[in-house]
There are 2 protein chains.
Amino acid sequence: MKKKATFFHAGCPVCVTAEQQFVDGLDVARFDVERVHLGEDGKRLGEAEAAGVQSVPAVVIDGQPFHINFGAALADLKK
Amino acid sequence: MKKKATFFHAGCPVCVTAEQQFVDGLDVARFDVERVHLGEDGKRLGEAEAAGVQSVPAVVIDGQPFHINFGAALADLKK
């Protein structure tokens, strides 16, 4: 069964680089990758927060958050 | 041509989780993944630093550093 990987971002330059260079490199045979733009899809903020995401870009794999560098704090996306 | 991905770690729990859940997910058809334990292989510290790595775990892809969560500062591995 494929693992679920959810990439949370905000369209920031750090986010775009992390997506293109790193997250896009995940093996699609093993991962179902979903991309969520929290700036445009604010109703997913709670889901990111519940998974432990504190900043974007971050990817949640099997419920575990992995923050990749630092683009923006989740708190700032709520404003 | 495969991209080079170098995973720098220090054997810490955060490092192990990042490796097993995330870095191991990179598509080996597209990436040559090398794993470097900076605690055991201190002579690679300069290489990590030159690539902009400030903490581990981190993966350097095509010369760009991606820090994954936070395990230990590079400065603390030099002591």
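See the structure above.
Everything numeric here is computed off the predicted structure, so don't read it as measured data. (Residues numbered from 1 in each chain as written. Chains lettered and ligands numbered in written order. Predicted model: local features only at pLDDT ≥ 70, side-chain atom pairs only at ≥ 80, totals over all residues. Heavy atoms only, no water.)

Looking now at the state of the cysteines. Residue and element names in this part refer to chain A. Summed over all chains, the structure comprises 2 disulfides over all chains. Residue Cys12 pairs covalently with Cys15 via a disulfide, S to S 2.3 Å. On the sign convention where negative means left-handed, the S-S torsion of about 70° between Cys12 and Cys15 marks this disulfide as right-handed. Considered together, Cys12 and Cys15 belong to a single accessibility category, that of buried residues. (Disulfide = S-S within 2.5 Å. Buried < 20%, exposed > 50% of the residue type's maximum accessible area, 1.4 Å probe, protein only.)

Attention shifts here to the pattern of salt bridges. Under the criterion given, the structure shown has 16 salt bridges over all chains. For Glu34 of chain B, the salt bridge goes to Lys4 of chain B, with nearest N and O atoms at 2.9 Å. Of this pair, Glu34 of chain B sits in strand E2 (residues 31-37) while Lys4 of chain B sits in strand E1 (residues 3-9), placing them 30 residues apart in sequence. The class of Lys4 of chain B is partly exposed, set by a relative accessible area of 42%. Asp27 of chain B is the partner of Arg30 of chain B in a salt bridge, and the nearest nitrogen-oxygen pair spans 3.0 Å. A cluster of three or more residues bridged by salt bridges with shared partners is formed by Lys4, Glu34, Arg44 and Glu47 of chain A. (Salt bridge = Lys/Arg side-chain N within 4 Å of Asp/Glu carboxyl O. Helix = DSSP H or I, 4+ residues; strand = E, 2+ residues; numbered from the N terminus.)

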